[in-house]
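Residues per chain, in single letters:
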Amino acid sequence: MEELQKFLVRPELHSYSGASNLSTNEKVKALMAEGQMVYHFAFGQSPFPVMQCLADGLRENVHQNAYLSVAGLPELRSAICDFHHNYDDLDFTADQVLVAPGSKELIFLMIYLFNGDIYCLSPTWTTYHPQTKLANNSAYIISTRAEDQWRLMPEDLDRTLTETGERTNKMLILTNPDNPTGIVYSADHLQKLSAVLKKHKAVVLSDEIYARLNFNGDHASIAKYYPEGTILCSGLSKWASAGGWRLGYAMFPESLRYLQAAVCSAASHTYSCASAPIQYAAAKALIMREECDEYINHTRRIMGAVADYCYR
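Since we're looking at a predicted model, the values are computed, not measured.

Undergrad: Give me the lowdown on the layout of surface pockets, citing residues and values where you can.
TA: Think of a ball as big as a water molecule: rolled over the atoms, this probe shows where empty space is left. Put simply, the second largest pocket is a space of about 280 Å³. In terms of lining residues, the second largest pocket is bounded by 15 residues, among which Y16, S17, T127, P130 and Q131 are the most central. Elements with a contribution of two residues or more to the lining of the second largest pocket: α5 (103-113) and α6 (128-134). Per-element accounting of the lining of the second largest pocket gives the leading share, five residues, to α6. Residue composition of the lining of the second largest pocket, by class: five nonpolar, seven polar and three charged.

And the structure:
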């Protein structure tokens, strides 16, 4: 019977397994529930309470029970644009934003729909490559090195894009700041990577979910230097301590409008829309700049102090 069941799954997925970080987190929680002392370093869960204005907004909007626009609540999409203009000096409009139940869902849909090859780094976040396999797409792995502090070097990117040919479209997935290495990319480094990406007409999916947690508060986004080819992904999971709320988004340049429309169409056939109460709560919180600044500064200061202590 077990052998027969294998025919129900695509052959290339017979050895497929779940996300290691999620399975480890579940195991750790079970051990903690048994009363065991566990020092949990295996999951990107914020240790802080949800930002108060977010919690207040959720309480105020718990009655919101209607399906929302697939792309997301218009006032939330506008608030996201204002938020990134304030923190990253980026200029997007609301119609360039797609909201989803977590940025992971959007990343998968983009990988699934992209007509070309995907380029993932190693080491980096554990899900990109498995998502590519799940989407039945091709992935090239670019290994980074300790002597480069695990950063993707422009010459390595150029060589890999050149060696893999010019016949297909190419999408690089870049995490900045990176998980698990913790490295960040400077503006100068991003400009050099941008030059390579422009040369090869490659798209970059920039996962910036940890951007606000940069200890120095000087995050640089590649969207600033390669706006026409960058899709920026982020959400509330890390900086706002709302991982379980599952609210993420992607911001597309005008030049990738066709891909954005395809992702929005796929979203309508998969998740329909992100949770209405959470979208209303986020729309309220993101425009409260003073509260956001205070929360981000406090949490960043504490994490920076812990990191400095551990490093020493």
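Undergrad: For the pairing of strand β4 (residues 169-175), give the residues involved together with the corresponding values.
TA: With respect to burial, β4 is a largely interior element, six of its seven residues being buried. Note that strand β2 (residues 116-122) and β4 share four bridges and pair parallel. Residue pairing across strands places Y119 opposite L172, the latter belonging to β4. Summarising the sheet, β4 and strand β5 (residues 203-207) pair through five bridges and their orientation is parallel.

Undergrad: Provide a residue-level description of the nonpolar core, including the pertinent values.
TA: If you look at the biggest cluster of nonpolar residues, it comprises 40 residues, and the most contacted ones within it are L76, L236 and W239. Residue assignment for this core shows that the elements contributing at least two residues are α3 (52-60), α4 (74-88), β1 (97-100), β7 (248-251), α10 (276-286) and α11 (289-311). A per-element tally of this core places α10 first, with seven residues. With 29 residues, the next largest nonpolar core counts L98, L106, A135 and L259 among its residues.

Undergrad: Just give me the short version of the pairing of β5, but keep the residues and values in it.
TA: Successive residues of a regular strand alternate their side chains across the two faces of the sheet. Counting buried positions over the five residues of β5 gives five, a clear majority of the element. Handedness of the crossover joining β4 and β5 through helix α8 (residues 187-199) is recorded here as right-handed. By the bridge criterion, four bridges tie β5 to strand β6 (residues 230-235) in an arrangement that is parallel. Directly across from L205, in β6, lies its bridge partner I231.

Undergrad: Residue-level account of a nonpolar patch on the surface, with values.
TA: Where nonpolar side chains cluster on the molecular surface, the patch consists of M37, Y39 and F41 and spans about 510 Å² of accessible area. The residue M37 is located in the loop between α2 (20-33) and α3 in this model.

Undergrad: Just give me the short version of the packing of aromatic side chains, but keep the residues and values in it.
TA: A complete count under the given rule lists five aromatic pairs for this structure. Considering the side-chain rings of F108 and Y112, the 5.9 Å spacing of their centres and the 35 degrees angle between planes classify their relative orientation as tilted. Remark: Y112 and F108 occur in helix α5; sequence separation between them is four residues, near one turn of the helix. The class for F108 is buried, based on a relative accessible area of 18%. Judged by centre distance (5.1 Å) and plane angle (75 degrees), the ring pair of W125 and Y128 falls under edge-to-face. In terms of burial, W125 and Y128 fall into one category: buried. Grouped by ring-pair contacts, the aromatic residues F83, Y87 and W239 constitute a single cluster.

Undergrad: Tell me about α10, and name the residues and values.
TA: Across the 11 residues that make up α10, a large majority, nine, are buried. Along α10, the residues that are buried comprise A276, P277, I278, Q279, A281, A282, A283, A285 and L286. Along its buried surface, α10 packs onto α3, α4, β1 and α11.

Undergrad: Explain the packing of α4 against α10 to me, using residue names and the numbers behind them.
TA: Running from N to C, α4 and α10 point in directions that differ by 35 degrees, and their axes come no closer than 8 Å. When you trace α4 past α10, the crossing you get is left-handed. Here E75, L76, A79, I80 and F83 of α4 lie close against α10, whose contacting residues are Q279, Y280, A282, A283 and L286. Residues belonging to the contact of α4 with α10 are distributed by class as follows: eight nonpolar, one polar and one charged.

Undergrad: How would you summarise the packing of helix α7 (residues 154-163) against α8 if you had to cite specific residues and measurements?
TA: One can describe the packing of α7 onto α8 by two numbers: an axis separation of 9 Å at closest approach and a directional angle of 15 degrees. The orientation of α7 with respect to α8, classified from their angle, is roughly parallel. Along this stretch, α7 crosses α8, giving a crossing that reads as right-handed. Every residue of α8 that contacts α7 at P154, L157, D158 and L161 is listed here: H189, K192, L193, V196, L197 and K199.

Undergrad: Requested: an account of the pattern of salt bridges, with residues and values cited.
TA: Here the structure, examined in full by the defined rule, presents 13 salt bridges. Close ionic contact of D89 with K224 constitutes a salt bridge, the shortest N to O distance being 2.7 Å. Placement of D89 in the loop between α4 and β1 and of K224 in the loop between β5 and β6 is noted, with a sequence separation of 135 residues between them. For K224, a relative accessible area of 38% puts it in the partly exposed group. Salt-bridge contacts for D188 lead to K192; the nearest nitrogen and oxygen are separated by 3.3 Å. On the criterion of helical spacing, the pair formed by D188 and K192 is a turn pair, its members being four residues apart in helix α8. Judged by relative accessible area, D188 falls into the partly exposed class, the value being 47%. Put simply, R145, E147, D148, D156 and R159 are held in one network by salt bridges that share partners.

What counts as what
Residues numbered from 1 in each chain as written. Predicted model: local features only at pLDDT ≥ 70, side-chain atom pairs only at ≥ 80, totals over all residues. Heavy atoms only, no water. 1 Å grid on protein atoms, 1.4 Å probe; cavity = no way out; pocket = protein on both sides within 12 Å on 5 of 7 lines; lining within 4 Å. Points joined across faces, edges and corners; volume = space filled by probe spheres on them. Helix = DSSP H or I, 4+ residues; strand = E, 2+ residues; numbered from the N terminus. Nonpolar A, V, L, I, M, F, W, Y, C, P; charged D, E, K, R; others polar. Buried < 20%, exposed > 50% of the residue type's maximum accessible area, 1.4 Å probe, protein only. Pairing = 2+ DSSP bridges. Core = buried A, V, L, I, M, F, W, Y, C linked by side-chain atoms within 4.5 Å. Right-handed = clockwise from strand over helix to strand, strands pointing away. Patch = residues over 30% accessible without salt bridge, like charges linked within 9 Å, V, L, I, M, F, W, Y side chains within 5 Å. Areas by Shrake-Rupley, 256 points an atom, 1.4 Å probe, with all protein chains shown as cover. Salt bridge = Lys/Arg side-chain N within 4 Å of Asp/Glu carboxyl O. Phe/Tyr/Trp six-rings, centres within 6.5 Å; stacked < 30°, edge-to-face > 60°. Contact = heavy atoms within 4.5 Å. Axes fitted to C-alpha atoms, helices over the stretch in contact; angles between N-to-C directions. Left-handed = near helix turned anticlockwise from the far one by under 90°. Parallel < 35°, antiparallel > 145°, perpendicular 65-115°, else oblique.

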